[in-house]
Structure formats: structure tokens, C-alpha cells
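# Summary of structural features
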Amino acid sequence: MMEPMDDPRVLVVDDEPNIRDLVEVALRFHGFTVVTAATGDEALRRVREDRPALIVLDVMLPDLDGFEVCRRLRGNGDETPVIFLTARDTSSDTVTGLALGGDDYVTKPFAVDALVARVRAVLRRARPQRASSSDDDDEVLRVADLEVDVAHWTVRRAGAEIELSPTEFRLLTYFMRNPGRVLSRAQLLENVWGWDHSAGSPVVETYVSYLRRKLGSDLIHTQRGVGYALRPPR
């Protein structure tokens, strides 16, 4: 569902015309192709018809809320990156959005330049999902009975395949490339998410918990006050 990076198309979904128009003008100014929608149903139709590279999605919509739109997309196997717009800067909303497969979130009111920077960052992170000729993409990473095939985006533990979201896969791959090393929250944000989230963001903790749930709790260890490390089970 991704457009080529030389002509990225962004779908902006917001029921407030002034915000929708502001974001559209800013993205067009920075070279993006923009399509818009004002409701959740219209957003789902636009995704099918316009195949955007990324969706800027307001949480509070008059019909389906943004979380439900994302839930339906992911349920249909659509991994188009989603940046949520929310007027509620609460951890519960952030965790909900991330749990549904969202890639980032921006709290209203927001600086337009900051939103554009996040759009660029999320699109950069999404590019490795495409086929690549890089030697790194031929890697098969192994720690104990855990195996990550970078070229085919597959993960297996003890031979059983484990399904991960794109963000979970990127986080695990970074851990696997640094086995035994304690990685700080700042390092993980920079290398996995591509920029520095706000100090109060629970994004790292949330995704580490997702990996532990899917892989088992005996691989990723917490170093209190420092960060996390991937180590073989004892």
C-alpha cells in the first residue's frame, strides 16, 4: 500500500476544515501530494482508491473514530503508516493508538513544521519494508533460538513463526544487531523511530511489552534507569 518515495501521497483525515486545510497546504508546500477526508468512512474509501503512503488521522471523527479506522485497516492487512492527531495528551490514548498499529501521534494544538517532520520520519522508517539490494537485507540474525530474516521480514522462535508489526520488527532487529548491549531509551527512539519523542512518551516501553508478549519474557531484559538489553535465556 506504499507509494514511491519520490511522490509520497498523504491522506489527511480531520472533520475540522481549518485544521484539514492547514495541514494540506503545509504538506503540499513541502512537496507531498495530499488527499483529504472528513469522516472515518470517507477515509477508508480514500485509502482503497488513492493508496496513500501515509495517513494523518484525527482520533475524534463524527462517525468512526480514528482508532476504529486504524483497527479496520490493520484487520484487512493494510500496513499504511498512521500518524494520529489527538486533542487528548494522555498515556491511555497513546497506548491505544500504538496497540492498534499506529506509527506516531501528534497532540493538538501542534506546530505544522513539527507535523511535517514527523511525516518525513515515519515515511523514512517505512522504506525498509520495500525490497532492497543492500547487503544488510540479506542478513539472518540469531540469538539463542530466536531468528530474524531481514530480507523476508520473518521472525521465528524455536522454529515457530511469529507475526510482528513493522515497528515491532524494526525494534527487534535493532536489539538483534546489538545482542547483550544495554540500549538506552534515547538510542532506541533515535534508531527505531527516527527522532526524539517527547520525554513523557511511553512508546518504547509499550513496544518492548508487545515484543515480550509475543516472544516470551526471557529475552528482553530491563536495566533499571538505563534501558533494555536482548540476552539469551539462562
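The coordinates are above.
Residues numbered from 1 in each chain as written. Predicted model: local features only at pLDDT ≥ 70, side-chain atom pairs only at ≥ 80, totals over all residues. Heavy atoms only, no water.

### Examining the pairing of strand 3 (residues 54-58)
- Buried residues dominate strand 3, accounting for five of its five residues.
- Side chains L54, V56 and D58 project from strand 3 onto one buried face, and the interleaved I55 and L57 project onto a second face that is buried too.
- Pairing of strand 1 (residues 9-13) with strand 3, which is carried by four bridges, proceeds in the parallel orientation. Note that in strand 3 the partner of V12 across the bridge is V56.
- Taken together, the four bridges between strand 3 and strand 4 (residues 82-86) define a ladder with parallel strand orientation. The residue bridging I55 from the neighbouring strand is V82, located in strand 4. (Buried < 20%, exposed > 50% of the residue type's maximum accessible area, 1.4 Å probe, protein only. Helix = DSSP H or I, 4+ residues; strand = E, 2+ residues; numbered from the N terminus. Pairing = 2+ DSSP bridges.)

### Focus on the sheet that holds strand 12 (residues 227-230)
- Taken together, three strands build an open sheet; the order of strands is 10-12-11 and the sheet is antiparallel. Each having just a single partner strand, strand 10 (183-184) and strand 11 (220-223) make up the two edges of the open sheet.
- Judged from the two bridges that link them, strand 10 and strand 12 form a sheet pairing that is antiparallel. Directly across from S184, in strand 12, lies its bridge partner G227.
- The strands touched by helix 8 (residues 203-215) within the sheet are strand 11 and strand 12, with strand 11 carrying the most contacts at an inclination of about 145°. (Contact = heavy atoms within 4.5 Å. Axes fitted to C-alpha atoms, helices over the stretch in contact; angles between N-to-C directions.)

### Some thoughts on unusual backbone geometry
- Residues K108 and P109 are joined by a peptide bond in cis, for which omega reads -10°.
- Assignment of secondary structure puts P109 in the loop between strand 5 (104-107) and helix 5 (112-126).
- Within the chain, A144 stands out as a residue other than glycine whose phi angle is a positive 55°.
- Within the fold, A144 resides in the loop between strand 6 (140-143) and strand 7 (146-149).
- Looking at A144, the relative accessible area reads 53%, which means it is exposed.
- Its identity as a non-glycine residue notwithstanding, A158 has a phi of 50°, on the positive side.
- Within the fold, A158 resides in the loop between strand 8 (154-157) and strand 9 (160-162).

### Comments concerning the sheet that holds strand 8
- The four strands are arranged 6-7-8-9 in an open sheet whose pairing can be described as antiparallel. The sheet is open, and its two borders are formed by strand 6 and strand 9, each paired with just one other strand. Put simply, the sheet's adjacent strands are angled 25° from each other on average, direction ignored.
- Packed on one face of the sheet, helix 6 (residues 166-176) meets strand 6, strand 7 and strand 8 and runs near 115° to strand 7.

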